[in-house]
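Analysis of the macromolecular model
Chain residues, written in single-letter form:
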Amino acid sequence: MKKYAYFPGCSLEKMAHSYHMSALETTRALGIELEELEDWNCCGATAYFHVDELLAFTLCARNLAMAEKEKRDIVAPCSGCYKNLFFTREHLKHDADLAEHINEALAEDNLHYAGTSAVRHLIEVFVQDVGFDAIKAKVTKPLKGLRVAPYYGCQILRPRKAKEDVEQPRFFEDLISAIGAEPVDYRLRLSCCGGALIITNRRAALSMVRNLLECAVRSKAAIIATACPLCQVNLECYQKQVNHEFGTDLNVPVVYFTQLVGLALGIPPKRLGIGSELVAVMPAIREAIEAEPVVAST
Amino acid sequence: MNTTAETSATATTAPPEDRISFVEEIKNLLYASEGNPISTCIQCGTCSATCPVASGGFMDNSPRRIIALIRSGFKEQVLKSNTFWYCASCYQCTVRCPRGIDIAELMYGLKRFTVWRTEHQEGLIGPTFSETFVKMIMRTGRSYEPVLATTYLFTYGLPEMLLEAQTATTLMLKGRLPLLPARIKRLENFKRMIRHIVPLGD
């Protein structure tokens, strides 16, 4: 059983608790173990990087150093946390002076950063480390007929120029196919949800959310799957405000990919945190999960 | 796209002759960026076209125009612009720039530059929000949403405020809002670590 240092991030403690629950349930079922990083601190979100970059790198480096101590790779379920941890590691790799300076600060907490732990996003672990075949093999309730719009968002893809799949990724679609659901093709799958603009520029963010939701609904998606708590909150919890602002009538559930994977693995909805949404999920998934379980593939 | 804003800046002051030019200052901001310098920009406008906020008409100056203004030394217009505070960090511009300029990083650099100098446009939520966030993390090591709400709620009109309160209440009922702030265990070490970087005390 492969073990990872799990960095839940602040959102997963409450706002995105269902992501936390479903991440733990599904990884356990797939034979990997997420052990929560002891005494982790906030990654700095985008706000810290707006004020002081050095301090922001230090916050991330503390988490990385703690994962190193446990000799494990660090896994973040939030795209924002992932990006911050990933790029802190990249910067420190190329800037020995910066690393030295940060290590002096980390010594106050008896930590040292060396760069030995890799930074992974949770969906990467599913796609690359577990793999589609292993996931397929464990599916007991394929989500037949469920039209899912995979929403990548930004920071699991960009700005990693070296990666060839920045513009045309397929891994989220493939993951949805692996659990027996039907991935929906729609134009804005890689567009931004507005991120923190939902607070700092509400109108701009609401209009971005509206475009995204309408695009997914036009492609007849029954549900949207995300891999980031901020994306989920913007797309789901602000739907009512979008409707109010633009006179639309949107009502599309938005879940975490781990929740859908969990359903396909036969885990009861409640243990995946389903029920804490503002846009009800059950009407969209009922038919798919209440179908007869498959005995053997033909 | 935004024709009134496109012409408004040309009438004001010519580039100042400081000890260090504005272009140099901005260049220094990006010393650690792995992208190319903004002097290599060909003003193609890919950044503006690809930016979901600029193409929605929400920015007073598009990213392309910000680069042009910096290169022409229009410091005041740049610093008072809302462009970088309305950047959502989606990195689409950075990935698509044909000259390999890290435009999103430039936006981060400009945010920090105006926070340090408190020279940003008035009435923006972004700077206050970011500063409140930083102070919160320095105190507890973790984020706590209700503290942040105070930075923007009072800038809203009544209808928006009511809508926001409604969303918050529903989230609370669903158990999705924290009632108490979380804090890390080794907080004293953490604070000493921070003081190593920013020698300010609390």
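The coordinates are above.
Before going into details, it helps to say that this report is about the structure given with it. (Residues numbered from 1 in each chain as written. Chains lettered and ligands numbered in written order. Predicted model: local features only at pLDDT ≥ 70, side-chain atom pairs only at ≥ 80, totals over all residues. Heavy atoms only, no water.)

**Comments concerning the overall build of chain A**
- Per the secondary structure count, chain A includes 14 helices and 8 strands.
- Scaling as 2.2 N^0.38, a compact globule of 298 residues should have a C-alpha radius of gyration of about 19 Å, and chain A matches this with 19 Å.
- Projecting the C-alpha coordinates of chain A onto the three principal axes gives extents of approximately 60 × 45 × 35 Å.
- A total of 298 residues make up chain A; the buried ones form 63% of that total.
- Taking as baseline every contact in chain A between residues at least 6 positions apart, the subset at least 24 positions apart corresponds to 77%.
- Per element, the accessible surface of chain A, about 11,200 Å² overall, is 51% carbon and sulfur.
- One finds the centroid of the 33 positive side-chain charges in chain A at a distance of 6 Å from the centroid of its 37 negative side-chain charges. (Helix = DSSP H or I, 4+ residues; strand = E, 2+ residues; numbered from the N terminus. Rg over C-alpha atoms; globule rule 2.2 N^0.38 Å. Buried < 20%, exposed > 50% of the residue type's maximum accessible area, 1.4 Å probe, protein only. Contact = heavy atoms within 4.5 Å. Areas by Shrake-Rupley, 256 points an atom, 1.4 Å probe, with all protein chains shown as cover. Lys, Arg positive; Asp, Glu negative; His and termini not counted. Charge placed at Lys NZ, Arg CZ, Asp CG, Glu CD.)

**Brief notes about the overall build of chain B**
- Looking only at helices and strands, chain B has 11 helices and 0 strands in total.
- Order of helices (α) and strands (β) in chain B, N terminus to C terminus: α-α-α-α-α-α-α-α-α-α-α.
- Counting across all 202 residues of chain B, residues that qualify as buried make up 50%.
- Long-range pairs, those at least 24 residues apart, make up 65% of the contacts in chain B with a sequence separation of at least 6.
- Split by element, the accessible area of chain B, about 10,000 Å² in all, is 57% carbon and sulfur.

**Examining unusual backbone geometry**
All names here are of chain A.
- Of note, the phi angle at Asp39 is positive, near 60°, even though the residue is not glycine.
- With respect to the helices and strands, the residue Asp39 is situated in the loop between β2 (32–36) and α2 (47–51).
- With a phi close to 60°, Lys220 is a non-glycine residue in the positive phi region.
- On the secondary structure map, Lys220 appears in the loop between α10 (202–218) and β7 (223–226).

**Here we look at the interface of chain B and chain A**
- The partner chain A presents 68 residues to the 63 residues of chain B that form the contact.
- Of all residues in chain B, the largest losses of buried area upon contact with chain A belong to Arg176(B), Met193(B) and Ile197(B), amounting jointly to 13% of the total for that side.
- Of the charged contacts, one joins Asp39(A) and Arg186(B) as a salt bridge, the two residues approaching to 3.9 Å between their closest N and O atoms.
- At the surface where chain B touches chain A, the tally comes to 30 residue pairs in polar contact (both at pLDDT 80 or more).
- Per element, the largest residue contribution to the side of chain B that touches chain A is 8 residues, and it comes from helix α8 (residues 126–140) of chain B.
- Classifying every residue of the side of chain B that touches chain A gives 34 nonpolar, 14 polar and 15 charged. (Buried area = accessible area lost by both parts, 1.4 Å probe. Salt bridge = Lys/Arg side-chain N within 4 Å of Asp/Glu carboxyl O. Polar contact = N/O pair within 3.5 Å; in protein donor to acceptor, adjacent residues only side chain to side chain. Nonpolar A, V, L, I, M, F, W, Y, C, P; charged D, E, K, R; others polar.)

**Description of the sheet that holds strand β3 (residues 74–76) of chain A**
Residue and element names in this part refer to chain A.
- One open sheet holds the 4 strands; their spatial order is β2-β1-β3-β4, and the pairing between them is parallel. Strands with a single pairing partner mark the edges of an open sheet, and in this sheet they are β2 and β4 (119–121). The sheet shows a mean angle of 40° between the axes of neighbouring strands, direction not considered.
- Summarising the sheet, β3 and β4 pair through 3 bridges and their orientation is parallel. Paired with Ala76 across the two strands is His121, which belongs to β4.
- Each of β1 (2–6), β2 and β4 is contacted by helix α1 (residues 17–29), which is oriented at about 140° to β2, the strand it contacts most. (Pairing = 2+ DSSP bridges. Axes fitted to C-alpha atoms, helices over the stretch in contact; angles between N-to-C directions.)

**Describing the sheet that holds strand β5 (residues 147–150) of chain A**
Residue and element names in this part refer to chain A.
- Here 4 strands make up an open sheet; going across it, the order is β6-β5-β7-β8 and the pairing parallel. Across the chains shown, the open sheet's two edge strands, defined by having one partner strand only, are β6 (182–183) and β8 (254–256).
- By the bridge criterion, 2 bridges tie β5 to β6 in an arrangement that is parallel. Bridged to Arg147 within β6 is Glu182.

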